[in-house]
Amino acid sequence: MNERIAVLGAGTMGRGIAQVAAQAGHRVRLYDPQPAALEQALASIRSDLEKALEKGRLQGSVEEVLQRVQPVTDPAECAEADWVIEAVPEVLELKQELLGRLSQLNPTNLLATNTSTLSVSAIAAKVTNPARLLGLHFFNPAQRMKLVEVIPGLQTAPEGVEKALRLMQAWGKEPVTVSDSPGFLVNRVARPFYGEALRLHAEGVSKEAIDWVLKGLGFPMGPFELMDLIGLDVNFAASQSVYQGFYGEGRYRPHPLQYQRVVAGMLGRKTGQGWYSYPPGPPAMPPSPSPSDTAPLPFILGPNAIAQALRDRLRHSENLEEAAFVLDCRVKLERKQDLPQHLPVVSLVWGHSASRAQAEFPARALAGFSLVPPLGDTSIVELYAPLSGPNRALELAQTYFQAHGLRTLRLPDQPGGVGFRILALLINEAVSALAEGVAPPADLDRAMRLGTGYPRGPLEWAELIWLKPLLRALEGLSEELGERCRPHPLLQRVVAAGLERFDFQRVSPQGAQP
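Here the residue numbering is sequential within each chain, running from 1 through the sequence in written order. Whole-chain, interface and lining totals are the exception, using all residues; otherwise, since this is a predicted model, local features are given only for residues with pLDDT of at least 70 and side-chain atom pairs are given and counted only at 80 or more. The side-chain quantities take in all heavy atoms of the structure and omit both hydrogens and water.

Undergrad: Would you take a moment to explain the sheet that holds strand 3 (residues 69-72) for this structure?
TA: To summarise the sheet geometry, strands pair through backbone hydrogen bonds and adopt either a parallel or an antiparallel arrangement. Think of it this way: DSSP has to see at least two bridges between two strands before they count as a pair. Starting at the N terminus, helices and strands are each numbered in turn, a helix being any DSSP run of H or I of at least four residues and a strand any DSSP run of E of at least two. Spatial ordering of the open sheet is given by 3-2-1-4-5-6-7-8, a layout of 8 strands whose pairing is mixed. A single partner strand is all that each edge strand has here, and the edge strands are strand 3 and strand 8 (174-177). Direction aside, neighbouring strands of the sheet carry axes that sit 25° apart on average. Pairing geometry for strand 6 (residues 133-138) and strand 7 (residues 147-152), over 5 bridges, is antiparallel. Each residue of the ladder has a partner; that of Leu136, found in strand 7, is Val150. Here an angle of 0 to 180 degrees is reported between the N-to-C directions of two axes, which are lines fitted to C-alpha atoms, with helices fitted over the stretch in contact.

Here it is in structure tokens:
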């Protein structure tokens, strides 16, 4: 392998990219104007390589890899590289100036920017022959994360994209080609994971409960724990960039709670204080209750995936007359007009709050619950009393779910609950990205799994919980919560067409006939 690599910037991402290239056998020039930054970068690379060697994950010796990395303080020394990969701070003018200068020194090599949110086309505007510049968005830590978003700008030549894909595959990465739009794919689709969590917290749900519910769904970390790991300043900057890139689109608006902590210097683990204090960090998830055979049995209503999952996993009454209460898994309130008058009702709140349901059926003891399939040992059942207060339905629900060994949390009444609401808006954002051609369905799901550690891709998850109930839930949420929850028109069309998956055949546009 004889391609020469230059990496501009010796920060966390730059040093990680340089290490990946060196481990793949390339000679690498690592540029930074600060000698101290280069020294720190080489020390960090050495330490990481030594750890890899101890675990048997390094081919060759530490010294062999390090000898391929040459630190330089003059960017002109990078001009002869076959690939120049920029990884300097997220400042458009800085990236334009540095890559523009390098492009003048060598008019033929390939240029890449590691930007996470800035427009690749805007960066290319200051480059000589912009057809040779594209985005290579690595994820932190670059030496371990498999995903790389390959982002062609408006003028990027197709052959450059092909070379980038081959290079990333040779480096052991899993590249996904995505379009040059604000936030690209992963940073854009992930915004509701943070933004909606912040809104829920502002509305009275504890950060611990939100983190526990999301981890119960299979996410490696909850939103607040993850913001602390990333850095609240880094996460806030990404939110601002996407919000500005979409010209103030409301659903991307950063939240004042996060800004407040950023300006206070409470940036997460790196400062010892973010949403949590370090140590000790986030509290452990509550223990699972002991199962019992004495729980009151419900009659489960609903034809959807969550109703089927509950019937498959939990004991229930097959006869409405013998049931202690009704577990209504139907999404739309209008569907619930046939509820029996004499039984307490525990209503799925995917598309409405418990209080909204109580207003429709004031004569009944009614509570809300939320649970997202697939059900597993870590699943947490969210329970909601209407604002009028707890009642027998809430007590029955808690007793029932705990008797099956499921954790329960009583939370302030919220439309959609916590887990489903965040997931539904993640899915809706993924559908928006799909509609805009940011990436095809399989690549979109793969990128979200690889780039964020999500247990499954958002489109895959939508299909698992069924598209029609998801659409009806978003319609209900938009009535109570507003425009940000409005279902994307593509989801409406897919459901209207009777489809259950997103891998439908797209029709290529045809040019006008002469």
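Right, picking up where we left off after that structure.
Undergrad: I'm lost on the pattern of salt bridges in this one. Help?
TA: Where charged atoms of side chains with opposite charge meet at close range, the side chains can pair. Throughout this description, the term salt bridge denotes a Lys or Arg side-chain nitrogen within 4 Å of a carboxyl oxygen of Asp or Glu. Counting across every chain of the model gives 32 salt bridges. Of the charged contacts, one joins Glu203 and Arg421 as a salt bridge, the two residues approaching to 3.3 Å between their closest N and O atoms. Pair noted here: Glu203 is in the loop between helix 8 (191-202) and helix 9 (207-216) and Arg421 is in helix 16 (residues 419-435), with a separation of 218 residues, a long-range link. Partly exposed describes any residue whose relative accessible area lies between the buried limit of under 20% and the exposed limit of over 50%, with all areas from a 1.4 Å probe on protein chains only and scaled to the type maximum. Residue Arg421 is classed as buried on the basis of its relative accessible area, which comes to 0%. Lys332 is the partner of Glu334 in a salt bridge, and the nearest nitrogen-oxygen pair spans 3.7 Å. Taking relative accessible area as the criterion, Glu334 reaches 53% and is therefore assigned exposed.

Undergrad: How should the packing of helix 8 against helix 16 be read in this particular structure?
TA: Between two packed helices, both the angle of their axes relative to each other and the distance between the axes serve to describe the pair. One way to put it is that helix 8 packs onto helix 16 with a least axis distance of 9 Å and a crossing angle of 145°. Considering how the two elements wind past one another, helix 8 and helix 16 form a crossing that is right-handed. Residues Pro192, Phe193, Glu196, Ala197 and Leu200 of helix 8 form the contact with helix 16, whose own contacting residues are Arg421, Ile422, Leu425, Leu426 and Glu429. For any pair of crossing helices, the crossing counts as left-handed if the nearer helix is rotated counterclockwise from the farther one by less than a right angle, and right-handed if it is rotated clockwise. In this description, contact between two residues means that some pair of their heavy atoms is separated by no more than 4.5 Å.

Undergrad: For this particular structure, what's the right way to read helix 16?
TA: An α-helical turn contains 3.6 residues, so a residue and the one three or four places further along point in the same direction. Given the number of residues in a helix, its expected span is that number minus one, multiplied by 1.5 Å. Between its terminal C-alpha atoms helix 16 stretches 24 Å, which fits the 24 Å expected from 17 residues at 1.5 Å a residue. Extensive coverage of helix 16 is indicated by the burial of 16 of its 17 residues. Taken from the residues just after helix 16, Gly437 is the one with a positive phi, measuring 75°.

Undergrad: Just to check I follow, could you spell out the side chain of Ser379 for this structure?
TA: Structurally, the position occupied by Ser379 is in the loop between strand 12 (366-370) and strand 13 (380-384). Any pair of nitrogen or oxygen atoms within 3.5 Å is treated as a polar contact; in protein, a donor-acceptor pairing is required on top of that, and neighbouring residues in sequence qualify only through side-chain atoms on both sides. Engagement of the side chain of Ser379 in a polar contact is seen with the backbone nitrogen of Gly376, the distance being 2.9 Å. Not counting chain neighbours up to four residues away, the residues in contact with Ser379 comprise Gly216, Leu371, Pro374, Leu406 and Arg407.

Undergrad: Explain the side chain of Arg364 to me, please; I cannot follow it from the model alone.
TA: Here Arg364 is to be found in the loop between helix 14 (354-360) and strand 12. For the purpose of counting charges, residues Lys and Arg are taken to be positive, whereas Asp and Glu are taken to be negative. His and the chain ends are not included. Although buried, Arg364 forms no salt bridge, and the nearest oppositely charged side chain, Asp338, lies 7.6 Å from it. Looking at Arg364, its side chain comes within polar contact range of the main-chain oxygen of Leu339, at 2.8 Å. Excluding anything up to four places from it in sequence, Arg364 contacts Leu339, Pro340, Gln341, Val345 and Gln358.

Undergrad: In this structure, what is going on with helix 10 (residues 223-230)? I would like to understand it.
TA: Across the 8 residues of helix 10, 6 count as buried, placing the element largely inside the fold. Every buried residue of helix 10 is accounted for by Pro223, Phe224, Glu225, Leu226, Met227 and Asp228. On its buried face, helix 10 sits against helix 8, helix 9, helix 11 (232-245) and helix 12 (256-263). Positive backbone phi, approximately 110°, marks Gly231, located one or two places after helix 10.

Undergrad: Help me out: how do you make sense of unusual backbone geometry in this one?
TA: Note: most residues except glycine have negative phi, and most peptide bonds are trans. Looking along the chain, the bond that leaves Asn140 and enters Pro141 is cis, with omega of 0°. For Pro141, the position within the fold is in the loop between strand 6 and strand 7. Here Pro279 and Pro280 are connected by a cis peptide whose omega angle stands at 10°. Tracing the backbone shows Pro280 in the loop between helix 12 and strand 9 (298-301). For Tyr247, which is not glycine, the phi torsion reads 55° and is therefore positive. Inspection of the secondary structure assignment puts Tyr247 in the loop between helix 11 and helix 12. Taking the relative accessible area as the measure of exposure, Tyr247 reaches 79% and is therefore exposed. In this structure, Trp466 is a non-glycine residue whose phi angle is positive, near 80°. Within the secondary structure, Trp466 is located in the loop between helix 18 (458-465) and helix 19 (467-481).

Undergrad: Honestly, the pairing of strand 7 in this entry has me stumped. Any pointers?
TA: If a strand is regular, its side chains alternate between the two faces of the sheet. Counting buried positions over the 6 residues of strand 7 gives 5, a clear majority of the element. Relative to strand 8, strand 7 is paired through 4 bridges, and the arrangement is parallel. What sits directly across from Leu147, in strand 8, is Glu174. The crossover handedness rule: strands pointing away from the viewer, path from first strand over the helix to second strand clockwise, crossover right-handed. One crossover worth recording links strand 7 to the parallel strand 8 by way of helix 6 (residues 158-170), and it is right-handed.

Undergrad: What am I meant to see in the sheet that holds strand 13 here?
TA: As summarised here, the arrangement of the 6 strands in space is 9-10-11-12-13-14, forming an open sheet in which the pairing is mixed. Strands with a single pairing partner mark the edges of an open sheet, and in this sheet they are strand 9 and strand 14 (407-411). Taken over all neighbouring pairs, the strand axes of this sheet differ in orientation by 25° on average, direction set aside. Where strand 9 and strand 10 (residues 325-328) come together, 4 bridges link them in parallel fashion. Bridging from a neighbouring strand, Ile300 pairs with Leu327 of strand 10. Its contacts with the sheet put helix 13 (residues 305-313) on strand 9, strand 10, strand 11 (345-348) and strand 12, and the angle it makes with strand 9 is roughly 150°.

Undergrad: Before we go on, may I ask you to explain the packing of aromatic side chains in this structure?
TA: Between two aromatic rings, the relevant description is the distance of the centres plus the angle of the planes. What counts as a ring pair is set by centres within 6.5 Å for rings of Phe, Tyr and Trp (its six-membered ring), and what kind of pair is set by the plane angle: stacked under 30 degrees, edge-to-face over 60, tilted for all other angles. One pass over the full model with this rule turns up 13 aromatic pairs. With centroids separated by 5.5 Å and ring planes inclined at 85°, the aromatic side chains of Phe193 and Tyr194 adopt a geometry described as edge-to-face. With respect to burial, Phe193 and Tyr194 carry one shared label: buried. A ring pair is formed by Phe193 and Phe219, whose centres lie 5.1 Å apart and whose planes are at 40°; its orientation type is tilted. With a gap of 26 residues between them, Phe193 in helix 8 and Phe219 in the loop between helix 9 and helix 10 connect regions that are remote in the sequence. No difference in accessibility class separates Phe193 from Phe219, as the two residues are buried. Among the aromatic residues, ring-to-ring pairing joins Phe193, Tyr194, Phe219, Tyr454 and Trp461 into one connected group. Both a distance and an angle decide whether a charge sits over a ring: NZ of Lys or CZ of Arg must be within 6 Å of the ring centre and within 35 degrees of the ring normal. In this structure, Arg456 is placed above the aromatic ring of Trp461, and the distance from its NZ or CZ to the ring centre is 4.8 Å.

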